[in-house]
Amino acid sequence: MTDRTLISVTGEDAEDFLQNLVTNDVTRTRGGGIVYTALLTPQGKLIADFFVVGQAEGLLIDAPAAVAPQLFQRLSMYKLRAKVALAESPLQVRRGTGTPPAGALPDPRDPAMGWRLYGEEGGDDGSDWDALRVAAMVPEWGRELGPESYILEYGFERLNGVDFRKGCYVGQEIAARMKHKTELRKGLARVRIEGIAEPGAAISAEGREAGTLHTVAGDSALAYLRYDRARGALAAGEAVLRLEDPAGA
């Protein structure tokens, strides 16, 4: 999988270092576990989403290659005097949805997303990952997710990507406020397409802007919508869209 970069986090402070920064409970990786998590700005916006994997010596970050340099830079900035070493790992990741090989870990976001295996060989089993993501409402960096994203609008709680009981992390105040004090008015949704629509198309409702279409898989797609306007039939160009499921539901 050339679209992923693996970063090793080693040293006696490795677990505490990440635990104080990311949205999920890194202690769950002890003994070789895996968690899905994110690093946020202090304003609560997404820097990167990634997996953290427990290893015999430290932790392994599995991040989208497109955002790995920014993630590495931000982690290096936070390192300060912590006894932590960051380095790009030579390991690769394989993934699939069939019978998992020995040592594979279940994708923590959704069982439909199969397994991940870390070792000397990368690749996947040819599964239709876009169709799987759309069906399970799993966003992807560079498609649905970007530097303006707020994780709760993209279903991170449903996808086991945030833990509100773990203690402090960067951007926690904003995430907690969105969780407890406001109703989500915008966010990820799955829509049914009647006609032909392309990713990136603007979505309208009764002539008003209502969102943007993202990953398309057959007659279903992921979209970012204003929920207050996503009533009844929606339009993306000549296509008609119908709301199937919002991430906040």
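Whatever comes next refers back to the structure up there.
### Things to note about the pairing of strand S12 (residues 208–217)
(1) Moving on: Bridge analysis of strand S11 (residues 202–205) against S12 gives four bridges, and the strand direction is antiparallel. Considered in S12, the bridge of Ser204 is made with Glu209.
(2) Moving on: Pairing of S12 with strand S13 (residues 220–226), which is carried by five bridges, proceeds in the antiparallel orientation. What sits directly across from Leu213, in S13, is Ala223.
(3) Moving on: The turn linking S12 back onto S13 is made up of two residues, and Gly218 within it adopts a positive phi angle of 65 degrees.

### Looking at the sheet that holds strand S9 (residues 123–124)
(1) Moving on: The strand order across the open sheet built from four strands is S7-S8-S6-S9, with neighbouring strands paired in mixed fashion. Unpaired on one side and paired on the other, strand S7 (105–106) and S9 mark the two borders of the sheet.
(2) Moving on: Note that strand S6 (residues 92–96) and strand S8 (residues 115–119) share five bridges and pair antiparallel. The residue bridging Gln92 from the neighbouring strand is Gly119, located in S8.

Reading the values: rules and limits
- Positions within a chain are numbered from 1, following the residues in the order the chain's sequence is written.
- Only residues with pLDDT of at least 70 are given local features in this predicted model, and only at 80 or more are side-chain atom pairs given and counted; all residues enter the totals for whole chains, interfaces and linings.
- Only hydrogens and water are removed before side-chain values are computed, so all heavy atoms of the structure are retained for them.
- At least two DSSP bridges between two strands are needed for those strands to be called paired.
- Helix numbering and strand numbering both begin at the N terminus, where a helix is a DSSP run of H or I of at least 4 residues and a strand a DSSP run of E of at least 2.

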